[in-house]
Amino acid sequence: MIGQPVDRVDGRIKVTGAAPYAADTKIPGVAYGYLITSTIGKGSVTAMDTDAALASPGVLAVYTPFNPLKLFAYVQEQNDERFPPLQDREVRFFGQAIGFVVAETWEQARDAAGLVTATYQQQPPVTEFPGRTVRKFEEVEEVVGTQDLGDITFTASYTTPFQHHCAMEPHATVATWNGDHLTVYTVSQGALLVQRRLSETLGIDPAKIHVLSPHVGGGFGGKWGNWAQVPLACAAARALGRPVKAVLTREQVFAMAGHRPMTKQTLTMTCTADGKLTSIVNDGVTSRGLGGNWSESVANWTLTTYASPNIRVTKMIVPLNLGAATVMRAPGEANGSFALESAMDELAGQLGIDPVEMRLRNYATLVPNTGKPWSSKHLDECYRIGAEEFGWAKRPKKVRATVDGDWLVGTGMATATYGAGRGQASVKVRLHPDGTASVSGTAADLGTGQYTVFAILAADELGLPVSRVRPELGDSTSPAAANAGGSTSTGTNGPAVQLAAKAVQTELITLAVTNPRSPFHGKDPASVVYRDGSVSSGGVTMSFGTLLTTCDVGGVEAVGTSPRLVDPEHGYRSFGAHFCEVRVHRLTGEPRVTRWLSVCDAGTIVNAKAARSQIQGAVVMGIGQALLEATEVDHATGRFANANLASYLVPVHADIPKIDVRFLDRPDPLVSGLGAKGIGELGIVGVAGAIANAVHHATGVRVRDLPITLDKLL
Amino acid sequence: MRAFDYATASTVDDALKLARPGSAFLAGGTTLVDLMKLDVLTPDRVIDVNSLPLKGIRLHAGGLRIGALERMSDVAAHPVVRAVHPMISKALLLSASGQLRNMASIGGNLMQRTRCDYFRDVTSACNKRRPGSGCPALTGVNRGHAILGTSDSCVATHASDVAVAFVALGAQVVLRGKDGGRTVALEDFYLLPGSTPDRENVLGPGELIAEVVVPVLPWARHSTYLKIRDRQSYEFALTSVAAAVDVKRGVVQDVRLAAGGVGTKPWRLRAVEEALKGGVAVERTFADAAESAVDGARPLAHNAFKTSLLKRSIVRALLDAAGVR
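The structure presented is a predicted model; accordingly, all values stated were derived computationally and were not measured.

*Asks:* Tell me about the overall build of chain A, residues and numbers included.
*Replies:* Helix and strand content of chain A: 14 helices and 29 strands. Within chain A, the fraction of its 714 residues that count as buried is 62%. A fraction of 80% describes how many contacts in chain A between residues 6 or more apart in sequence connect residues 24 or more apart. Just so you have it, chain A exposes about 25,100 Å², and 52% of that area is on carbon and sulfur atoms. Positive and negative side-chain charges in chain A, numbering 63 and 66 respectively, have mean positions lying 1 Å apart.

Structural data, given as structure tokens:
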């Protein structure tokens, strides 16, 4: 069953609207919270007038830094907010939460929020490079060999703008208390991330916090963190003794719920005349929003991609008056690969070497920065299959060589690689008297297909059809499984599902031989066999449902725990190669992607259908990164100027060609028994580079600043 | 959104009687309700005009008459519109999304407000929204803003596509007010921002659009509406060009051209039209004529490319409309 195309088990309830999302939660007596946000980019709040809001119909409370809900400082530096909301008067960015109105209805809360006035002491915000407060060489990592540096030198700078996740579902939280126990329905990429954060800031035992996040309407990194509405809803519900629901508006999501930072990479590479790299230096600059802690290691992709005796990457961090920068769609790697994959293409062009050949000449058979072997790597096969299937050999060497009507046609390719590994995960499988099995862990399904992965792996191990397995995710009371981030869900949770499904068979056999009502009572457990949902021994076969019913037992269960992979001897990554065709109008310059092929080496594929969707979705996001997505800052105020889905452009269907995806489907022998390395983010890495390379091939114009919009091609 | 009164009217006279300063007419609601949610518009009374008898698409001697309450999608699909002025249909189909076109009325489309992100954000200054408060777009994020018809007070573009096609075709709007009716050329209906960008059109208090009348030009079936944007659907124009051209024996006899996405109102390109007449219908002629499209253009920091893009778009639209390769 593993590797077959399986329909999403949660597909029907999602398309029929039956799947409960956080904002759908209906609790009697719920009150509604609305955030008030700062209208300056830097400074402090000196006064707030809340009288009119408090007198407004239905208003229950107005919390501000002058009348805050107590929240303790965050202990762990996560990639979300650095400071709990309303605890001080400093304004670090435009759109920071400075108040929270709670009222009987959402409209009343919003109306009252509009009546609150704030007085500020204002300072000019810093929102662009170069900030005056650049911290130089925060991090340096380098490998230094002794080889001669060769004759050829190439250097260029590449920039990427701020971007936003733009998940369809806005950030929503509903909190309700029962005595000192808190139940939170919220959006999250991991229920335990919410539990831990709330335990810190509310000052209560995590065991008393029950987090439910069964369905998430897209995350892309933006729901890894907990943003202001989470602690505010919980603390207000406690203070008011009523359930409180808070949903961020789209503009608030843009301002305060995380963004991809702006980056600049300056690559300097040297190589021999036949294209063998002798050194790569990538000086990366990344922004850090002062509302958060996190910054992107944008240059680090250069450490692990191509063989070179000398590699040096640096990272400079520019703090800006913006909300938290956070992880988004292959953080570091999506931007990092744009620069290096563009530079490889430029260098290949300079030397007259085919771009695929250029990459093969610099193929890293060992991990470039450590010299260690890979757990598995079949990237060369990805290049070979991709080139063959795409028809790469027919590609004209010259740029601007193909014209079809009014369209200039070009092709480009790029490498994809993304980190792989395996964390610790625990998963529970329970067999029920009705003949079904449930499989549960705190993991999250953001639309990724994790529910179906749980169902497939449990069904495979138990010998049941997928329809008889019920996956249960997003509940903090389940065993601790992997959060949805870093493309590690399947690689980490999958082996735990398999272990739990094996362990529950042992539990079932133990029941079969020990329960006096069982037809197998008293038999040697070694003589009893579990197969395809039934227990057999001595010619007697009974399904587990019948056995449980016969024994009058409500179920048997077992938890499987798969340990974290610790292997200092190998490097673990997924690999792939992208090939694409781009058309650019000769008069008006619009770049349009018209053909796509991705060939992926991501170890074992669990669900061929969902895996294909994952890569296709990632390529769509990569097309957005390459051609459309950029959040513009109004530097005078520090406001994200296009903080809405009409002005911040994500691709529409018409922008997306047929995306062909091939998987090598070769199990990684070291990552786990399952052999799955993870695929979520792999698909976006290299996409922008491949498109930039194809645009150059079509037009002769090299665009080094994303997004590649038509104004750069006129 | 602020609290407001809601009233319905079933006759034009009733609707006009209900109108008062601070009231707004509601048709499809795709602009009004949006902007009310953002607090950009705060009418204290909303008058639902959807029951008014302002419907119908008819071909009369005077031209193609389109009722102001006809929905964008109905107009786009109407066989008479498609036969007489396919440019109108095309401009509508390149606007908004299917859902919005099903709701939005033709009158409302002509009345839609700019997509300037400073206009739509109430924390920003905006001379259109709060006269005298300033225009941050002049020095801020202005890639999408206008290069033609701008002033030191406002550089916001007019957002409608179909208005560009209407202006190219010399359409008129029939207005109804308490003092009766009047007919105004759509091109003159819109006002340049000057120092009063809050006044966008010639509508008096309580006046409404009843009908659009488009002259019939038999040759204008050779037309196109070209819309250039970053993504291929569901985006406002960076530039758009409505072009109809009458070519006989390879020579341009007559032509109608207007541009969107570049002007503070739908921008008729008369100088280009004049330069084209009598010219040989080849790309070179089109490119030479297009030069005058940007006379008087005032590009800003991020939208200077629009001068080049507009000229190129004109050439492309003319090639399409004339069927020249």
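Still more ground to cover, so stick around.
*Asks:* A description of the overall build of chain B should follow, citing residues and the corresponding values.
*Replies:* Each helix and strand counted, chain B has 12 helices and 12 strands in total. Its C-alpha radius of gyration of 19 Å places chain B within 12% of the 20 Å reference for a compact globule of 325 residues. For the C-alpha atoms alone, the extent of chain B along its principal axes is close to 60 × 50 × 35 Å. Across the 325 residues of chain B, 57% fall into the buried class. Expressed as a percentage of contacts within chain B between residues at least 6 apart in sequence, the contacts between residues at least 24 apart total 63%. Distance between charge centres in chain B, computed from 41 positive and 31 negative side chains, equals 3 Å.

*Asks:* Explain the UniProt feature "domain: FAD-binding PCMH-type" (unreviewed entry) in chain B to me, and be specific about the residues and the numbers.
*Replies:* In the UniProt entry, the feature "domain: FAD-binding PCMH-type" (unreviewed entry) is given for residues 1-219 of chain B. Helix and strand shares over residues 1-219 of chain B are 25% and 18% respectively, and the end C-alpha atoms of the span are 48 Å apart.

*Asks:* Help me get a handle on the pattern of salt bridges, residues and values and all.
*Replies:* Enumeration according to the criterion identifies 56 salt bridges over all chains in this entry. With a shortest N-O distance of 3.0 Å, B:Arg113 and B:Glu200 are connected by a salt bridge. Separated by 87 residues along the polypeptide, B:Arg113 in the loop between α7 (106-110) and α8 (162-168) and B:Glu200 in the loop between α9 (186-189) and β8 (208-214) bring together distant segments of the chain. Look at the salt bridges and you will find they share partners, linking A:Asp345, A:Glu346, A:Arg702 and A:Arg704 into a network.

*Asks:* I'd love a proper account of the packing of helix α13 (residues 608-627) of chain A against helix α14 (residues 687-699) of chain A, names of residues and values included.
*Replies:* Residues and elements named next belong to chain A. The contact between α13 and α14 brings their axes to 8 Å, and the two run at 55°. What the angle tells us is that α13 and α14 run oblique. As α13 runs across α14, the sense of the crossing is right-handed. For the pair α13 and α14, the contacting residues are Val619, Gly622, Ile623, Gln625, Ala626 and Leu627 in the first and Val687, Ala688 and Ile691 in the second. In terms of residue class, the contact of α13 with α14 is built from 7 nonpolar, 2 polar and no charged.

*Asks:* Talk me through the interface of chain B and chain A; I want residue IDs and the actual numbers.
*Replies:* At the junction of the two partners, chain B supplies 31 residues and chain A supplies 34 residues. For the pair chain B and chain A, the two sides together bury roughly 2,800 Å², of which 51% comes from carbon and sulfur. Summed over the shared surface of chain B and chain A, the result is 5 salt bridges. One salt bridge in this structure joins A:Asp111 and B:Arg2, with 2.7 Å as the shortest N-O distance. Seen at the junction of chain B and chain A, the total is 17 residue pairs in polar contact (both at pLDDT 80 or more). Among the elements that line the side of chain B that touches chain A, the one with the most residues is helix α12 (residues 305-322) of chain B, at 8 residues. Considered class by class, the residues forming the side of chain B that touches chain A number 10 nonpolar, 7 polar and 14 charged.

*Asks:* Hey, could you go over empty space enclosed by the protein for me, with residue numbers and the actual values?
*Replies:* Residue and element names in this part refer to chain B. Summed over all chains, the structure comprises 6 cavities of 30 Å³ or more. Volume-wise, the largest cavity comes out at about 150 Å³. Forming the boundary of the largest cavity are 20 residues, of which Lys128, His158, Tyr190, Glu200 and Thr264 lie nearest the centre. Residues belonging to the lining of the largest cavity are distributed by class as follows: 9 nonpolar, 6 polar and 5 charged.

*Asks:* Provide a residue-level description of the sheet that holds strand β1 (residues 31-37) of chain A, including the pertinent values.
*Replies:* Residues and elements named next belong to chain A. Ordered by their spatial adjacency, 7 strands build an open sheet running β3-β5-β1-β12-β9-β10-β11, and the pairing between neighbours is mixed. If you trace the sheet from one side to the other, it starts and ends with β3 (59-63) and β11 (209-212), each paired once. Taken over all neighbouring pairs, the strand axes of this sheet differ in orientation by 20° on average, direction set aside. Pairing geometry for strand β9 (residues 172-178) and strand β12 (residues 244-247), over 4 bridges, is antiparallel. The residue of β12 that forms the bridge with Thr173 is Ala246. Packed on one face of the sheet, helix α4 (residues 191-202) meets β9, β10 (181-186) and β11 and runs near 145° to β11. Helix α5 (residues 229-240) contacts β1, β3, β5 (97-103), β9, β10 and β12 of the sheet and is inclined by roughly 30° relative to β9.

*Asks:* Describe the domain arrangement of chain A, with residues and values.
*Replies:* Residue and element names in this part refer to chain A. Domain annotation of chain A identifies domain 1 (11-125 + 166-256), domain 2 (263-421 + 568-712) and domain 3 (425-562). Centre-to-centre separation of domain 2 and domain 3, based on C-alpha positions: 40 Å. Summed over both sides, the interface between domain 2 and domain 3 buries roughly 1,000 Å², with carbon and sulfur atoms accounting for 61% of that surface. Connecting domain 2 to domain 3 are 0 salt bridges. Connecting domain 2 to domain 3 are 2 residue pairs in polar contact (both at pLDDT 80 or more).

*Asks:* Any details on the packing of α4(A) against α5(A)? Residues and values, ideally.
*Replies:* Residue and element names in this part refer to chain A. Running from N to C, α4 and α5 cross one another at 55°; their axes reach a closest spacing of 10 Å. Put simply, α4 runs oblique to α5. The element α4 and its partner α5 pack so that their crossing is right-handed. Packed against α4, whose contacting residues are Val194, Leu198, Thr201 and Leu202, the element α5 presents Val230, Pro231, Cys234, Ala235 and Arg238 at the interface. Residue composition of the contact of α4 with α5, grouped by class: 7 nonpolar, 1 polar and 1 charged.

*Asks:* Can you explain the UniProt feature "domain: Aldehyde oxidase/xanthine dehydrogenase a/b hammerhead" (unreviewed entry) in chain A? Please cite residues and give values.
*Replies:* In this structure's numbering, the residues bearing the UniProt feature "domain: Aldehyde oxidase/xanthine dehydrogenase a/b hammerhead" (unreviewed entry) are residues 16-124 of chain A. Secondary structure within residues 16-124 of chain A divides into 11% helix and 31% strand; the distance between the first and last C-alpha atoms comes to 49 Å.

*Asks:* Mind laying out the environment of A:Pro516, listing which residues take part and the relevant values?
*Replies:* Looking at where A:Pro516 falls in the secondary structure, it is placed in the loop between α11 (489-514) and β21 (529-531). When the C-alpha atoms of A:Pro516 and A:Cys551 are compared, they prove to be 7.6 Å apart, with 35 residues separating the residues in sequence.

*Asks:* How would you explain the packing of aromatic side chains if you had to name every residue and give the values?
*Replies:* Two aromatic rings are characterised by how far apart their centres lie and by the angle between their planes. All names here are of chain A. Taken as a whole and judged by the stated rule, the model has 10 aromatic pairs over all chains. Between Tyr34 and Trp106, the aromatic rings sit 5.9 Å apart at their centres with planes inclined by 65°, giving edge-to-face as the arrangement. Of the two residues, Tyr34 is situated in strand β1 and Trp106 in helix α3 (residues 106-113); the sequence distance between them amounts to 72 residues. Exposure remark for Trp106: the relative accessible area of 27% places this residue in the partly exposed category. Pairwise contacts between aromatic rings join Phe390, Trp392 and Phe579 into one cluster.

*Asks:* Can you break down the sheet that holds strand β11 (residues 251-260) of chain B residue by residue, with the values?
*Replies:* The antiparallel open sheet is built from 4 strands, whose spatial order is β9-β10-β11-β12 (chain B). The sheet is open, and its two edges are formed by β9 (223-228) and β12 (267-268) of chain B, each paired on a single side.

*Asks:* Just give me the short version of the pairing of strand β2 (residues 43-49) of chain A, but keep the residues and values in it.
*Replies:* Residue and element names in this part refer to chain A. For β2 and strand β4 (residues 90-91), the ladder comprises 2 bridges, and the chain directions are antiparallel. Residue pairing across strands places Gly43 opposite Val91, the latter belonging to β4. Pairing analysis gives 6 bridges linking β2 to strand β6 (residues 117-122), with the strands arranged antiparallel. By the bridge assignment for β6, Asp49 is matched with Thr117.

Calculation notes
- Residues numbered from 1 in each chain as written.
- Chains lettered and ligands numbered in written order.
- Predicted model: local features only at pLDDT ≥ 70, side-chain atom pairs only at ≥ 80, totals over all residues.
- Heavy atoms only, no water.
- Helix = DSSP H or I, 4+ residues; strand = E, 2+ residues; numbered from the N terminus.
- Buried < 20%, exposed > 50% of the residue type's maximum accessible area, 1.4 Å probe, protein only.
- Contact = heavy atoms within 4.5 Å.
- Areas by Shrake-Rupley, 256 points an atom, 1.4 Å probe, with all protein chains shown as cover.
- Lys, Arg positive; Asp, Glu negative; His and termini not counted.
- Charge placed at Lys NZ, Arg CZ, Asp CG, Glu CD.
- Rg over C-alpha atoms; globule rule 2.2 N^0.38 Å.
- UniProt positions renumbered as here; feature names shortened; annotations may be inferred.
- Salt bridge = Lys/Arg side-chain N within 4 Å of Asp/Glu carboxyl O.
- Axes fitted to C-alpha atoms, helices over the stretch in contact; angles between N-to-C directions.
- Parallel < 35°, antiparallel > 145°, perpendicular 65-115°, else oblique.
- Left-handed = near helix turned anticlockwise from the far one by under 90°.
- Nonpolar A, V, L, I, M, F, W, Y, C, P; charged D, E, K, R; others polar.
- Buried area = accessible area lost by both parts, 1.4 Å probe.
- Polar contact = N/O pair within 3.5 Å; in protein donor to acceptor, adjacent residues only side chain to side chain.
- 1 Å grid on protein atoms, 1.4 Å probe; cavity = no way out; pocket = protein on both sides within 12 Å on 5 of 7 lines; lining within 4 Å.
- Points joined across faces, edges and corners; volume = space filled by probe spheres on them.
- Pairing = 2+ DSSP bridges.
- Domains from an automatic or database assignment.
- Phe/Tyr/Trp six-rings, centres within 6.5 Å; stacked < 30°, edge-to-face > 60°.

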